[in-house]
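The primary structure of each chain is shown beneath.
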Amino acid sequence: MEIEAHNGVATRQLLRKLRMPAHGRPLRGGAATWCGRWSSRLGTCGHDRSWPVPRRQRASRCRVIRAQTSRARWVNVAKYVAMSDEHVPLFRRAELEAVLQPVELARNLPGGVYLEPAVFALERETIFSTGWNCVGRVEDFGQAGSFLSVEVAGCPLLVVRGADDELRAFHNVCRHRGACLTHEESGVARSFRCNYHAWTYGADGQLMAAPLMDERADFDLAEHGLASIPLDTWGGFVFVNLDNETAALAEAMNGFPDLERYGLESLRRVHSVTYDVAANWKVLCENYSECYHCALVHPQLNRVTDYRSGGESFIGDSFNGGPMALKEGYTTLSTSGQRRYPEIEGINDADRKQVHYLHLYPSFLIGLAPDYVLVHRVQPIDAGHSRMLCEWFYPHTTVALEDFDASETIEFWDLTNRQDWGLCEMVQEGAESRLTPGPYHPLEFCVHAFDRWFVEQLGDRLATLRR
Ligand code: FES
Ligand SMILES: [Fe+2]
């Protein structure tokens, strides 16, 4: 049964073959195989033709495997071959195409996209290696030498402010033998010395010293600086991109709503929490983008904002979002629902009665209340696990108030977050069934936009992934 679950058709075919005697007659319609016994793609030994096994070894391997007469042994071989059968697609094209339909006809993503390591690897290679990933705030780099070491798409990165005040991002990798340069998460440093052979780099990435390398006449320090990657900022947030050919962040954000009035650059982070969630990063993003579940799961949130309220949701090439209206008598999102501090200077009348939620792909989520801003950053760990970094921001003028206390909003969102992570983990568990997914509710318009973007990003490479 376990084999069936992994690989239906191919496994059934293989088991049919396995019911034949070890030296049975050739199966219909194939050419001679490596083991010289069967004419199917798989020999009696279970060798796949794609295995580059030399002829002599093939013969001896076949003899060994033929000697394994118990069915249990054969089933093990069948399982291995079924799992490695490169002709079985992970997804049916029809189920991927169904996601691309207009929302009223579309179906949700198939469960496998939340489970398969091959999909996760492809996402790293495409979405996260070519997209703009938020790694911090400008305020995290307060002085020359301030640095953060982070990871994007599995790559260790170093973001550091140089002595010239320039913020730069590099691969956190020594240019000698490729050791990871620093494991410190953050700090202030004038230089970075590799702990292997002591090559030392400045905060601008230039190689400053390489012991004994002057014994090589052709060695030039200037040619071996840290490998840089694009870095850009928006609203005081620092974004990096692993693709040196990438379009500028502003171009990637083309059409993103203008949030200038919120003065994001001048906001100050007052609190942050990191959550480890046993769910795929896409499940977390999807959950953020709909409030269809709010009445049932978030009574505290639903008391303050009506899940059916707000203006029209909108989508762009790299984002989706929409507002939700505060209910009559409430002025912000918090445990009391009452704003204790001044609203953000510059917001308009509509903003005073709403909370805006936006998702900048792939994994930057920002919510704007009248008096504060909440950011969620999703960091994929593996196909079934993610880290969610949640940060609270207030205007620096509010933070400077003597009685400033953000606990009402922190408590409110910590509760809401934890309610959400429970839902996400439920979806992750359910994905294991790989049942045909269902339709979207109109309130899930933004979820559909994101899923559609996801399928388009991976394109044919997703459709042609094989087991
Ligand atoms: S690997 Fe860094 S100095 Fe040798
Ligand atoms: Fe929620």
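Please refer to the structure higher up on the page.
Report follows, based on the coordinates. Please read these numbers as outputs of a predicted model, since none were measured by experiment. (Residues numbered from 1 in each chain as written. Chains lettered and ligands numbered in written order. Predicted model: local features only at pLDDT ≥ 70, side-chain atom pairs only at ≥ 80, totals over all residues.)

This brings us to the overall build of the protein chain. Summing up its helical and strand segments, the protein chain has 14 helices and 18 strands in all. Across the 467 residues in the protein chain, those meeting the buried criterion constitute 36%. Put simply, of all contacts in the protein chain between residues at least 6 apart along the chain, 62% involve residues at least 24 apart. (Helix = DSSP H or I, 4+ residues; strand = E, 2+ residues; numbered from the N terminus. Buried ≥ 20, exposed ≤ 12 C-beta atoms within 10 Å, placed from the backbone. Contact = placed C-beta atoms within 7 Å.)

As a further point, take the packing of helix 6 (residues 117-130) against helix 14 (residues 445-463). Close contact between helix 6 and helix 14 brings their axes to 10 Å; oriented N to C, the two are set at 145°. Once helix 6 is placed against helix 14, the crossing between them reads as right-handed. Together, Leu 122, Thr 126 and Ile 127 of helix 6 and Gln 457, Leu 458, Arg 461 and Leu 462 of helix 14 make up the contact between the two elements. Residues belonging to the contact of helix 6 with helix 14 are distributed by class as follows: four nonpolar, two polar and one charged. (Axes fitted to C-alpha atoms, helices over the stretch in contact; angles between N-to-C directions. Left-handed = near helix turned anticlockwise from the far one by under 90°. Nonpolar A, V, L, I, M, F, W, Y, C, P; charged D, E, K, R; others polar.)

This part takes up the packing of helix 8 (residues 281-288) against helix 13 (residues 407-431). For the pair helix 8 and helix 13, the least separation of the axes is 9 Å and the interaxial angle reads 130°. Classified by the angle their axes make, helix 8 and helix 13 are oblique. Between helix 8 and helix 13 the crossing geometry is right-handed. Facing Val 283, Leu 284 and Asn 287 of helix 8, the residues of helix 13 in contact are Asp 420, Leu 423, Cys 424, Val 427 and Gln 428. Of the residues that constitute the contact of helix 8 with helix 13, the class distribution is five nonpolar, two polar and one charged. (Parallel < 35°, antiparallel > 145°, perpendicular 65-115°, else oblique.)

Our focus in this paragraph is unusual backbone geometry. Backbone torsion omega between Tyr 361 and Pro 362 reads 5°, so that peptide bond is classified as cis. Along the chain, the position of Pro 362 falls in the loop between strand 15 (354-360) and strand 16 (364-368). Positive phi values are uncommon outside glycine, yet Ala 198 reaches one of about 70°. Relative to the helices and strands, Ala 198 is located in the loop between strand 6 (191-193) and strand 7 (200-202). Residue Ala 198 is classed as partly exposed on the basis of its C-beta count, with 13 C-beta atoms lying within 10 Å. Look at Leu 212: it is not a glycine, yet its phi comes out positive at around 70°.

In this section: the pairing of strand 17 (residues 373-382). Both faces of the sheet carry side chains from a regular strand, because those side chains alternate between them. Within strand 17, eight of the ten residues are buried, leaving the element largely enclosed by the surrounding structure. Relative to strand 17, strand 16 runs antiparallel, the two sharing five bridges. Each bridged residue has a counterpart across the sheet, and for Gly 367 the counterpart in strand 17 is Leu 374. Counting the residues that bridge the hairpin from strand 16 to strand 17 gives four residues. Direction of pairing for strand 17 relative to strand 18 (residues 385-395): antiparallel, over a ladder of nine bridges. Bridging from a neighbouring strand, Val 375 pairs with Glu 391 of strand 18. (Pairing = 2+ DSSP bridges.)

Turning to the environment of Phe 192, a few remarks are in order. Structurally, the position occupied by Phe 192 is in strand 6. By C-beta crowding, Phe 192 is classed as buried, having 24 other C-beta atoms within 10 Å. Placed ten residues apart in sequence, Phe 192 and Gly 202 show a C-alpha to C-alpha distance of 6.4 Å.

Turning to the sheet that holds strand 8 (residues 207-209), a few remarks are in order. Strand pairing in a sheet relies on backbone hydrogen bonds. The paired strands run either parallel or antiparallel. Spatially, 6-7-8 is the arrangement adopted by the three strands of the open sheet, whose pairing is antiparallel. Because the sheet does not close on itself, it has two edges, and the strands there are strand 6 and strand 8. Adjacent strand axes in the sheet meet at a mean angle of 35°, parallel and antiparallel pairs treated alike. Looking at chain direction, strand 7 and strand 8 are connected through two bridges and run antiparallel. Each bridged residue has a counterpart across the sheet, and for Tyr 201 the counterpart in strand 8 is Leu 207.

We now examine the sheet that holds strand 1 (residues 133-137). The three strands are arranged 1-11-10 in an open sheet whose pairing can be described as antiparallel. The two strands at the open ends of the sheet, each matched to only one other strand, are strand 1 and strand 10 (231-234). If you compare each strand with its neighbour and ignore which way they point, the axes differ by 35° on average. Pairing of strand 1 with strand 11 (residues 237-240) involves four bridges; the strand directions are antiparallel. By the bridge assignment, Arg 137 is partnered in strand 11 with Phe 237.

The biggest cluster of nonpolar side chains holds 95 residues, and the ones touching the most others in it are Leu 157, Val 159, Val 240, Leu 284 and Val 373. Top element by residues in this core is helix 14. It accounts for seven residues. Composition of this core by domain shows at least three residues from each of domain 2 (133-234) and domain 3 (253-463). With residues near it in sequence (within four places) discarded, Val 159 still touches Val 135, Gly 136, Phe 147, Leu 148, Val 150, Leu 167, Ala 169, Leu 231, Val 238 and Val 240. (Core = buried A, V, L, I, M, F, W, Y, C linked by C-beta atoms within 7 Å. Domains from an automatic or database assignment.)

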